[in-house]
Amino acid sequence: MKFDSLIIGGGVAGLSCAIRCAEAGLKTAVIAAGQSALHFSSGSIDLLGRLPNGELVTHPFDAFSALEQQQPEHPYCKIGQSNVKNALDWYQTMMAECGVQLTTQGDETNHLRLTPMGTFRATWLSQQTVHPFPMFEPQQGLTRIALVTVDGFRDFQPELTADNVSKLPQFADVTVTTAAVELPDFEIMQRNPCEFRSIDISRVLRDESKLHAFAKSLIQQVGQADLVVLPSVFGNGDGAATIKLLEGLTGFTICELPTMPPSLLGIRLEEAMKSRYKALGGLILAGDEVKRGEFENGKLARIYTRNHREMPLVADHFLIATGSFFSHGMQAQRQAVIEPIFNLDLSTIPHRDNWYQHDFFSSQAHPFMKMGVKANASLQPSRQGQAIENLYCAGALLSHYDPVTEGCGSGVAISTGHFVAEQMIANHTREIENVPEQQERTIA
């Protein structure tokens with residue numbers, strides 16, 4: 001099978017690249033081995049929360065010059081600030097067309113999102129159902145917050161969240177209460193505790209009569225509140241509409257928090273992106289895995305997958321966006337870290353004892369988080385020191401950044417995926433324009 005662009009990896013980076021390629025009319029395929037990390041994500045898009053030296057970032061784009069000084073090999077520094085901004089603007093517009101509204105602050109500052117632990121994380125874009133707490137005054141406009149769970153739901157403990165929020169000095173004058181609301185048909189669902197997850201609850205609340213009963217119980221349990229915080233248990237694609245209906249039934253302002261996996265906020269993004277990609281004519285080879293590739297004259301000529309066995313997949317351009325250790329994009333062996341598909345060159349730390357800090361919960365970042373594939377300014381990786389002309393790398397597989405400590409995982413994934421797509425599109429256009437020239441030479 002022959003494609004214009006072939007994407008290895010079905011996460012944020014891979015899908016961002018694939019959607020942009022499909023928008024430009026490239027014949028594109030995505031090879032996705034299984035669930036992406038979006039099933040474990042917050043569903044918000046982080047841009048830059050901290051600099052490598054630990055300094056808190058309030059205005060991400062204003063911090064790019066400091067980032068370049070501290071970590072010039074950071075993916076953002078390789079592709080440039082304007083490309084990062086263009087990519088995130090494109091993503092926000094594209095997702096709005098898919099029905100997922102992502103909001104940011106008008107003054108280009110980060111905002112804070114509340115976590116189930118009662119802490120706050122800086123982020124750039126959040127879904128419309130996530131309350132954007134202001135960076136400097138998160139308590140602004142709030143005198144009473146109600147943290148509510150579903151009775152019997154184990155993946156959100158509002159008492160823990162409330163205890164930590166109440167200890168924050170900004171919330172000294174804010175009343176934080178907790179409540180548990182009974183879910184209709186709870187007894188039927190309680191056959192096995194493992195079945196009572198967010199996605200199970202969402203199926204019940206899709207029934208409008210049960211949602212009305214839930215709303216009545218919510219009013220009784222909460223009483224008065226400026227903001228009602230619920231775990232994300234409201235569907236995938238239709239979650240925002242369900243919450244809007246619940247707000248109308250109760251009169252509350254409601255926001256949702258990501259829960260333990262499966263994260264419906266993350267799944268909402270994934271389903272919207274996949275639907276957009278398929279609507280553009282893109283192909284997803286789900287449940288498949290790339291096993292090896294063959295290289296010729298400094299290019300990746302073809303790849304072989306588990307499902308297609310000895311039938312090669314051929315493309316003009318390839319992207320590898322298989323993620324980091326979590327998604328098996330990299331593998332840690334006893335004394336070395338490898339990229340398992342193509343054995344690409346990595347930026348690693350020689351001795352295993354230096355891969356991590358002594359304490360798991362350390363004030364210093366774990367060094368292994370910055371390990372990854374070496375890439376040039378065009379995000380082309382290399383093998384044995386030789387850059388591969390038609391292969392690109394994006395997302396968590398790239399080296400020289402820490403997506404967790406720096407709070408930039410989704411931002412890097414989207415911007416590098418989009419950056420690679422624009423190069424693929426430009427190269428494809430040049431190749432098409434050169435075809436008539438080549439044909440004329442052949443005829444002559």
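As a reminder, the structure under discussion sits directly above these lines.
First things first, this report covers the structure right here in the doc. Residue numbering note: each chain is counted from 1, following its sequence as written. For this predicted model, a pLDDT threshold of at least 70 governs which residues receive local features, and a threshold of 80 or more governs which side-chain atom pairs are given and counted, while totals over whole chains, interfaces and linings are taken from all residues. With hydrogens and water excluded, all non-hydrogen atoms of the structure serve as input to the side-chain values.

**Topic: the overall build of the protein**
- Here a helix means four or more residues in a row that DSSP labels H or I, a strand means two or more in a row labelled E, and each is numbered from the N terminus. Counting secondary structure elements, the protein contains 11 helices and 21 strands.
- Here the globule rule is a power law, 2.2 Å times the number of residues to the power 0.38, and the radius of gyration is based on C-alpha atoms. Over its C-alpha trace the protein gives a radius of gyration of 23 Å, about what one expects of a compact globule, namely 22 Å for 444 residues.
- With respect to the principal axes defined by its C-alpha atoms, the protein has extents near 85 × 45 × 45 Å.
- Within the protein, buried positions represent 51% of all 444 residues.
- With an accessible surface of roughly 20100 Å², the protein has 49% of that area assigned to carbon and sulfur atoms. In this scheme, a residue with accessible area under 20% of its type's maximum is buried, one over 50% is exposed, and one in between is partly exposed, where area comes from a 1.4 Å probe on protein chains only. Residue exposure ignores everything except the shown protein chains as possible cover, and the areas themselves are Shrake-Rupley values with a 1.4 Å probe.

**Focus: the packing of helix H1 (residues 12-23) against helix H10 (residues 264-279)**
- Look at H1 against H10: their axes get within 9 Å of each other, and the N-to-C directions meet at 25 degrees. Comparing their axes, H10 and H1 come out roughly parallel. Of the two possible hands of crossing, H1 and H10 adopt the one that is left-handed. Residues Val-12, Leu-15, Ser-16, Ala-18, Ile-19, Ala-22 and Glu-23 of H1 form the contact with H10, whose participating residues are Met-273, Lys-274, Arg-276 and Tyr-277.
- Three residue categories are used. Nonpolar comprises Ala, Val, Leu, Ile, Met, Phe, Trp, Tyr, Cys and Pro, charged comprises Asp, Glu, Lys and Arg, and polar comprises the others, including Gly. Partitioning the contact of H1 with H10 into residue classes produces seven nonpolar, one polar and three charged. Every axis in this analysis is a line fitted to C-alpha atoms, fitted for helices over the stretch in contact. Angles between the N-to-C directions lie between 0 and 180 degrees. Reported orientations rely on four angle classes, namely roughly parallel under 35 degrees, roughly antiparallel over 145, roughly perpendicular from 65 to 115, and oblique for the rest. Note on convention: the crossing is left-handed when the near helix lies turned anticlockwise from the far helix by less than a right angle, right-handed when the turn is clockwise. We call two residues contacting when some pair of their heavy atoms lies within 4.5 Å.

**Some remarks on the sheet that holds strand E9 (residues 227-231)**
- Strand pairing follows a simple DSSP-based rule, namely that at least 2 bridges must link the two strands. Read from one edge to the other, the open sheet built from four strands follows the order E8-E7-E9-E10, with strand pairing classed as parallel. Pairing within the sheet leaves two strands with one partner each, and these edge strands are strand E8 (175-181) and strand E10 (254-257). Going from strand to strand, the sheet's axes swing by 25 degrees on average, the running direction of each strand aside.
- Bridge analysis of E9 against E10 gives four bridges, and the strand direction is parallel. Counted as the bridge partner of Leu-230 is Glu-256 from E10.
- Sheet strands touched by helix H9 (residues 239-250): E9 and E10. Its angle to E10, the strand with the most contacts, is close to 140 degrees.

**A short note on the packing of aromatic side chains**
- Side-chain rings of Phe, Tyr and Trp (the six-membered ring for Trp) are treated as a pair once their centres are within 6.5 Å; stacked means planes under 30 degrees apart, edge-to-face means over 60, and tilted covers the remaining angles. In total, this model carries eight aromatic pairs according to the counting rule given.
- Geometrically, the ring pair formed by Phe-64 and Tyr-76 is stacked, given 5.2 Å between the ring centres and 20 degrees between the ring planes. Of the two residues, Phe-64 is situated in helix H2 (residues 64-70) and Tyr-76 in helix H3 (residues 75-79); the sequence distance between them amounts to 12 residues.
- Judged by its relative accessible area of 6%, Phe-64 is buried.
- Look at Tyr-76 and you get buried, because its relative accessible area is 1%.
- Joined through ring pairs, the aromatic side chains of Phe-61, Phe-64, Tyr-76 and Trp-124 make up one cluster.
- Above the ring of Phe-61, the side-chain terminus of Lys-85 is found at 6.0 Å from the ring centroid. Put simply, a charge is over a ring when the Lys NZ or the Arg CZ is close to the ring centre, within 6 Å, and near the line of the ring normal, within 35 degrees.

**What to know about the layout of surface pockets**
- As defined here, a cavity is a set of points on a 1 Å grid over the protein atoms alone where a 1.4 Å probe fits but cannot get out. A pocket is an open set with protein on both sides within 12 Å along at least five of seven lines, and residues line them when an atom is within 4 Å of a point. Grid points are joined across faces, edges and corners, and a volume is the space filled by probe spheres set on the points. The computed volume of the second largest pocket comes to approximately 190 Å³.
- Contributing to the lining of the second largest pocket are Lys-299, Leu-300, Ala-301, Ala-315, Asp-316, His-317, Gln-380, Glu-389, Asn-390, Tyr-392, Asn-427 and Glu-431.
- Looking at the lining of the second largest pocket, the elements that each hand over two or more residues are strand E13 (299-305), strand E14 (314-320) and helix H11 (409-443).
- Class assignment of the residues belonging to the lining of the second largest pocket gives a composition of four nonpolar, four polar and four charged.

**Brief notes about the pairing of E13**
- In terms of burial, E13 is largely enclosed, as five of its seven residues are buried.
- Pairing of strand E12 (residues 290-296) with E13, which is carried by six bridges, proceeds in the antiparallel orientation. Along E13, the bridge assignment pairs Glu-296 with Lys-299.

**A look at the pattern of salt bridges**
- For salt bridges, the criterion is a side-chain nitrogen of Lys or Arg within 4 Å of an Asp or Glu carboxyl oxygen. For the coordinates displayed, the defined rule picks out 20 salt bridges.
- Residue Glu-108 pairs with Lys-85 through a salt bridge whose shortest N-O separation is 3.7 Å. Taken together, the residues Glu-108 in the loop between strand E3 (102-103) and strand E4 (111-114) and Lys-85 in helix H4 (residues 81-97) connect sequence positions 23 residues apart.
- Here Lys-85 falls in the partly exposed class, since its relative accessible area comes to 29%.

**Quick notes on helix H8 (residues 208-222)**
- Helices are assigned an expected span. That span is 1.5 Å times one less than the residue count. Counted at 1.5 Å a residue, the expected span for H8 with its 15 residues is 21 Å, and the 21 Å between its end C-alpha atoms agrees.
- Buried within H8 we find Lys-210, Leu-211, Phe-214, Ala-215, Ser-217, Leu-218 and Val-222.
- Against the buried residues of H8 lie strand E7 (144-150), E8, helix H7 (198-205), E9, H9 and E10.
- Looking one or two residues beyond H8, the residue adopting positive phi is Gly-223, at roughly 75 degrees.

**Looking at the nonpolar core**
- Only buried residues count toward a nonpolar core, which is a set of Ala, Val, Leu, Ile, Met, Phe, Trp, Tyr and Cys residues joined through side-chain atoms within 4.5 Å. One finds Tyr-91, Met-95, Ile-303, Leu-319, Phe-342 and Met-424 to be the most contacted residues of the largest nonpolar core, which totals 83 residues.
- When residues no more than four places from it in sequence are discounted, the contact partners of Tyr-91 are Ser-16, Ile-45, Leu-102, Leu-269, Met-273 and Ile-414.
- If you look at the next biggest cluster of nonpolar residues, it comprises 43 residues, including Leu-112, Phe-133, Phe-156 and Leu-246.

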